[in-house]
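# Remarks on the overall topology
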Amino acid sequence: MNPTDITYWNREAETPPREQLERQQLESLRQTVETALKTPFYRRRLEKCGLADGSDIAALEDLKRIPFTTKDDLREAYPDQLLAVPLDEVVRLHTSSGTTGTPTVIYHTQQDIDAWTELTCRGVVATGASHRDVFQNMMSYGLFTGGLGLHYAAEKIGMTVIPSASGNTRRQMKLMKDFRTTAIHATPSYILHIHAKLEEEGFRPEDFHLQRAFIGAEAHSESTRQKIEELFNMRAFNSYGMSEMNGPGVAFECVCQEDMHLWEDAYHMEVIDPESRHSLPDGEIGELVMTTLQRGATPLLRYRTGDLTSINGSPCACGRTHRRIARIKGRADDMMIINGVNIYPSTIEAVIMTVPEVGTNYQICIDKDGALDQLTVKTEIYSKLFNGDIRSLEQLKRRIQNRLKTEVVISPVIELHEPGSLPVYEGKAVRVFDNRPKE
Ligand code: AMP
Ligand code: ZN
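All of these numbers come straight from a predicted model, not from anything done at the bench. (Residues numbered from 1 in each chain as written. Chains lettered and ligands numbered in written order. Predicted model: local features only at pLDDT ≥ 70, side-chain atom pairs only at ≥ 80, totals over all residues. Heavy atoms only, no water.)

### Description of the sheet that holds strand S3 (residues 134-137)
Spatial strand order, S4-S3-S5-S6-S7-S8-S9-S14-S13: nine strands in an open sheet with mixed pairing. Edge positions in the sheet fall to strand S4 (160-162) and strand S13 (311-312), since each has one partner strand and no second. Alignment of strand S9 (residues 260-262) against strand S14 (residues 324-325), held across two bridges, turns out to be antiparallel. Following the sheet pairing, His261 is matched in S14 by Arg324. (Pairing = 2+ DSSP bridges. Helix = DSSP H or I, 4+ residues; strand = E, 2+ residues; numbered from the N terminus.)

### So, the coordination of the zinc ion (ligand 2)
Protein coordination at the zinc ion (ligand 2) comes from Cys254 (SG), His261 (NE2), Cys316 (SG) and Cys318 (SG), with a distance range of 2.1 to 2.3 Å. One can describe the site at the zinc ion (ligand 2) as tetrahedral: its four donor atoms subtend angles covering 100 to 115° at the metal. In primary sequence terms, the donor set of the zinc ion (ligand 2) follows C-x6-H-x54-C-x1-C. Pair noted here: His261 is in strand S9 and Cys316 is in the loop between S13 and S14, with a separation of 55 residues, a long-range link. We note that His261, like Cys316, is buried. (Donors = N, O, S within 2.8 Å, 3.2 Å for Na, K, Ca; no water. Tetrahedral: all angles 85-135°; square planar, octahedral: opposite > 155°, others 65-115°. Buried < 20%, exposed > 50% of the residue type's maximum accessible area, 1.4 Å probe, protein only.)

### Side note on helix H5 (residues 110-126)
Taking 1.5 Å per residue, 17 residues should reach 24 Å; H5 reaches 24 Å between its end C-alpha atoms and fits that length. In terms of burial, H5 is a largely internal element, 13 of the 17 residues being buried. (Expected span 1.5 Å × (residues − 1).)

### Quick notes on the packing of aromatic side chains
Enumeration according to the criterion identifies five aromatic pairs in this entry. Here the aromatic rings of Phe41 and Tyr42 are separated by 4.9 Å at their centres, their planes lie at 80°, and the arrangement is edge-to-face. Comparing Phe41 with Tyr42, the two get one shared label, buried. Counting every residue linked through ring pairs, the aromatic cluster contains Phe135, Phe214 and Phe252. Directly above the ring of Trp263 sits Arg122, whose terminal nitrogen or CZ lies 5.0 Å from the centroid. (Phe/Tyr/Trp six-rings, centres within 6.5 Å; stacked < 30°, edge-to-face > 60°. Lys NZ or Arg CZ within 6 Å of the ring centre and 35° of its normal.)

### Things to note about the layout of surface pockets
The calculated volume of the second largest pocket comes to roughly 360 Å³. For the second largest pocket, the lining is made up of 16 residues, of which His195, Ala196, Glu199, Tyr382 and Ser383 are closest to its centre. For the lining of the second largest pocket, the secondary-structure elements that each account for two or more residues are helix H8 (188-197), strand S18 (358-369) and strand S19 (372-381). Looking at the lining of the second largest pocket, its residues break down into seven nonpolar, four polar and five charged. (1 Å grid on protein atoms, 1.4 Å probe; cavity = no way out; pocket = protein on both sides within 12 Å on 5 of 7 lines; lining within 4 Å. Points joined across faces, edges and corners; volume = space filled by probe spheres on them. Nonpolar A, V, L, I, M, F, W, Y, C, P; charged D, E, K, R; others polar.)

### Considerations on the pattern of salt bridges
What the rule picks out here adds up to 29 salt bridges. Residue Arg122 pairs with Glu118 through a salt bridge whose shortest N-O separation is 3.3 Å. With a gap of four residues between them, Arg122 and Glu118 both fall in helix H5, about one helical turn apart. Comparing Arg122 with Glu118 shows no difference in burial state: the two are buried. Three or more residues are tied together by salt bridges with common partners; here these are Arg18, Glu22, Glu264, Asp282 and Arg323. (Salt bridge = Lys/Arg side-chain N within 4 Å of Asp/Glu carboxyl O.)

Set out below in structure tokens:
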């Protein structure tokens, strides 16, 4: 990497010495506990563990005295038990994208929104993007934080923003071509879908001027990233966030494209074993737990994200001192148990995306076949392969099946589908269909 490729949004905040960053974390943690004590939910909880004041936190380790906050806690606190300021100081709220049960809500003051924008600016600029980019934001705008989260940062950086939002694939292509879009923000599955539809809509990859994509909101493998980069001849950067922690901008890959810097002045992170709940050392995969350090309206202490990752504490060539987290392996609750074997959907994705004939969309189905579980992997393949040569299709199926068998031990049924025939989602892709009868 060329050192001139490294650009910062806020160099001082992105490269402080570790001791300074940790001192700042402690200060902010004390302030956050004070703020949390103003919410009915945390007042009850913190008093129970003997914390009546921010100054009761003597060291970052003291955070461990506080119990974890779970998604169920957020649901229980809905709609206002986690609100730390009077409602007239709140300028916006976002609710979770969950489709079932009680939603969760996060309130923001103007200061919260500004701080969030600052973090997102850092992430976007860390990829090498700048005010010279034409930025097409293909994430949905609304209660989902993906669209608005990057929108404000892109404007602040001075990019030319096209707020195209999600869906309407033909229009996305036309906008990208006519305005010579250089940067896009979308889910990896949507970018792959755009590629699958290009020919049908009368476009070619050469019609576009894309240089980079910010991809996030759903788990994806390194092989999917590489596929996206090759298909559009651009670089794709992993962007991680969630509505509970604002939205996008929590962690972002820099130009080194190796793990994501998580902004530690804004979030304290831990990785725990989801079963035993004990802290894990750097490098070990477990559930990410985060504490907000800057948020005024809805502070969250030791929030269990459900996302599986590990901490990379090694120095990064870009000079940022905020530690990195590895690509999200999936969610702790995503794990499928098939005939007793534990499998993450991301492992299956990583394998099939390395098969050159495999197209851009896939589905994983689990059914009961007598007493046994049957795993079926449906994948789209490129249309030129459906040329009537049944034998080579059978060979391709066997090749995919063998690769999966080596990696995940069990032997799935493989179904090959034409491009564009499997369902597409405007938001997060739904990949797994578990049709087994519930116990
Ligand atoms: P939401 O709160 O609806 O924005 O969803 C947040 C969730 O999306 C996270 O907890 C992750 O499970 C997932 N997610 C977001 N960004 C990524 C990413 N870059 N890689 C993998 N999963 C992600
Ligand atoms: Zn870096």
